[in-house]
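So you can see what is in the structure, the chains are spelled out below.
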Amino acid sequence: MKPFSLLVKPASFGCNLRCTYCFYLVKEQLYAGQHTMTDAILEQMISSFMAVPMPNYSFGWQGGEPTIMGLDFYKRAIKLMQQYGRSGKAVSNGLQTNGTLLDDEWGKFLHQYNFLVGISIDGPEKIHNLNRFTINGDGSHQAVMNGLNVLKRHNVEHNVLTLVSSANAEHPLEIYDYLKTLGLNYHQYIECIEFDSNNELMPFAVKPEQWGEFLCQIFDEWYKNDHRTVSVRLFDSILVRMVDNNPNVCAMAEDCRQYFVVENNGDVYPCDFFVSPEMKLGNILGDDWKSLYESQLYKDFGARKAQRHDKCAQCQYLMLCNGCCPKNRPGRGSIPGQLSALCSGWEIFYQHTLPRFKILADQIRRERQEFQQQEMQRRAMAAASQQQPHPSRNAPCSCGSGKKFKQCCGKPQKK
């Protein structure tokens, strides 16, 4: 069984915002009753997960909005991790939040326990508030800025997630520059793709050409001025794939089974874009992780990724795209051979950027080789200095002082 992580939905669809494009609010149809995780479910999830032999244990807390569970819930989670943790094994926690409920108590806690926090910002206030508003219909931007300042004030490690929709896709550089002015140097741009019942893109979804041009404009600015100082997750992943042949994000992999989603009541799903009755793998109260991992439904889910359109076989960008995420295909991958809705956008992006990605990949290889050579030289010199015999006590000291070794560098030091 390969290592996996958990993406936890402790409050399920529960959220204090009503974003236009949210794909998780509709999960109220599944969890209309109790939709917050109990302490019993929390303990079972943590204890069973940390009993699985793995190099490390990673928890991602999402929603809805995970902070509506309250800070005490996460304090209990940390105590359980400490209780069930394995000696010498690292445990990491990530929190994806809209940021509106963060205060100084949250900041202290998140810093103390080394949470990596992703905060959702769609751009400057006028752009952000087009889709991200409260239950009362008020814009959320100012509250998000207050939450961001909490993270900064308490030195919480954080990055920004920007959902690219039809509302902001025409403003790539305005968004990119704005995030930099906020001091955010770790960016993640996510495509907003949702289909209606006829497998047509929803009005708020980003169009493929918009997606391609959005990425091209950001890449041009990043490559020119910021590729040493700003991390864009997609660009980093492309370079990792080119240099190390490692698909470090599930969309680039041949098989995207990398984590399990755990809903508030312990139900387990293969991905948060596939939380639906027909994709339920089981429940942690009655199923162990090995049986969930080896279930036929989970294997079938993994096989969806490779059931690509015939066009993909001849595509020069296949290594980087791998048919795109199944959720971006009509039918969400349930219909074999469907082309991603973003295919033409990816082609625009890769055609525009790949020559420069290759330049950066070559630079990384050279710098890595130079570093390795320098490190080998350093280790060789250190080994040689340790093996060099000391001069005899009456020989001239090698430091050049003119004194005998026993009266200079070989002289016993006073305590």
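A short tour of the structure in this document, coming up. (Residues numbered from 1 in each chain as written. Predicted model: local features only at pLDDT ≥ 70, side-chain atom pairs only at ≥ 80, totals over all residues. Heavy atoms only, no water.)

**Brief notes about the pairing of strand β5 (residues 158-164)**
Convention followed: Under the scheme applied here, a residue whose accessible area is under 20% of the maximum for its type counts as buried, over 50% as exposed, and between as partly exposed, the area being computed with a 1.4 Å probe on protein chains only. Strands here are runs of E lasting at least two residues and helices are runs of H or I lasting at least four, both read from the DSSP assignment and numbered beginning at the N terminus. One bridge is not enough; two strands pair if DSSP finds at least two bridges between them. Orient the strands so they point away from the viewer; a crossover is then right-handed if the path from the first strand over the helix to the second runs clockwise.
Burial runs high along β5: seven of the seven residues are buried. Here four bridges tie strand β4 (residues 116-120) to β5, and the two strands are oriented parallel to one another. Looking at β5, one finds that Ser-120 is bridged to Leu-161. Of the strand pairs in this sheet, β5 and strand β6 (residues 186-191) are connected by five bridges, and their pairing is parallel. Pairing of Leu-163 across the sheet is with Ile-190, part of β6. The parallel pair β5 and β6 is bridged by helix α6 (residues 172-181), and the resulting crossover is right-handed.

**Side note on the packing of helix α7 (residues 208-226) against helix α8 (residues 233-244)**
Let me state the cut-off plainly: All axes here are fitted lines through C-alpha atoms, helices being fitted over the stretch that makes contact, and every angle between N-to-C directions spans 0 to 180 degrees. Angles are sorted into four bins: roughly parallel if under 35 degrees, roughly antiparallel if over 145, roughly perpendicular if 65 to 115, and oblique for all others. For this analysis, residues touch if any pair of their heavy atoms sits within 4.5 Å. Note on residue categories: nonpolar means Ala, Val, Leu, Ile, Met, Phe, Trp, Tyr, Cys or Pro, charged means Asp, Glu, Lys or Arg, and polar means any other residue, Gly included.
Contact geometry for α7 and α8: axes closest at 11 Å, N-to-C directions at 75 degrees. Viewed along their axes, α7 and α8 adopt a mutual orientation that is roughly perpendicular. For the pair α7 and α8, the contacting residues are Leu-215, Ile-218, Phe-219 and Trp-222 in the first and Leu-234, Phe-235 and Leu-239 in the second. Of the residues belonging to the contact of α7 with α8, the class tally is seven nonpolar, no polar and no charged.

**Thoughts on the nonpolar core**
Just so we agree on the cut-off: For the purposes of this section, nonpolar cores are sets of buried Ala, Val, Leu, Ile, Met, Phe, Trp, Tyr and Cys residues that join through side-chain atoms within 4.5 Å.
If you look at the biggest cluster of nonpolar residues, it comprises 106 residues, and the most contacted ones within it are Met-45, Trp-61, Ile-121, Trp-222, Trp-289 and Phe-349. Ranked by residues supplied to this core, first place goes to α7 with eight residues. In this structure, Leu-17, Cys-19, Cys-192 and Phe-204 belong to the second largest nonpolar core, which totals seven residues.

**Description of the packing of aromatic side chains**
The condition is simple: Classification of ring pairs uses Phe, Tyr and Trp, with its six-membered ring standing for Trp, and accepts pairs whose centres are within 6.5 Å; under 30 degrees between planes counts as stacked, over 60 as edge-to-face, and the remaining range as tilted. We call a charge positioned above a ring when the Lys NZ or Arg CZ atom is no farther than 6 Å from the ring centre and deviates by at most 35 degrees from the ring normal.
In total, this model carries 34 aromatic pairs according to the counting rule given. Between the aromatic rings of Tyr-293 and Tyr-298, the centroid separation amounts to 5.8 Å while the plane-to-plane angle is 65 degrees, which identifies the pairing as edge-to-face. The pair formed by Tyr-293 and Tyr-298 is uniform in burial state, with each residue classed as buried. Above the plane of the ring of Tyr-24 lies Lys-27, whose end atom (NZ or CZ) is 5.9 Å from the centre.

**Focus on the packing of helix α2 (residues 71-84) against helix α3 (residues 104-112)**
Convention followed: In this scheme the handedness of a crossing depends on how the near helix is turned from the far one: anticlockwise by less than a right angle means left-handed, clockwise means right-handed.
Axis separation between α2 and α3 bottoms out at 11 Å; the angle between their running directions is 15 degrees. Relative to α3, α2 is oriented roughly parallel. Along this stretch, α2 crosses α3, giving a crossing that reads as left-handed. On α3, the residues touching Leu-71, Tyr-74, Lys-75 and Ile-78 of α2 are Glu-105, Trp-106 and Phe-109.

**Observations concerning the pattern of salt bridges**
Filter applied, for reference: A side-chain nitrogen of Lys or Arg and a carboxyl oxygen of Asp or Glu constitute a salt bridge if their distance falls within 4 Å.
Going through the model one piece at a time under the given rule, you end up with 18 salt bridges. With a shortest N-O distance of 3.5 Å, Lys-108 and Glu-105 are connected by a salt bridge. Of this pair, Lys-108 and Glu-105 both sit in helix α3, three residues apart, roughly one helical turn. When its relative accessible area of 43% is taken as the criterion, Glu-105 is described as partly exposed. Linked by salt bridges that have partners in common, Glu-375, Arg-378 and Arg-379 make up one network.

**Notes on the sheet that holds β4**
Strand order in the open sheet formed by ten strands is β7-β6-β5-β4-β3-β2-β1-β8-β9-β10, with mixed pairing between adjacent strands. A single partner strand is all that each edge strand has here, and the edge strands are β7 (231-232) and β10 (282-283). Here strand β1 (residues 5-8) pairs with strand β2 (residues 56-61) via three bridges, running parallel. Bridge pairing in β2 places Val-8 opposite Trp-61.

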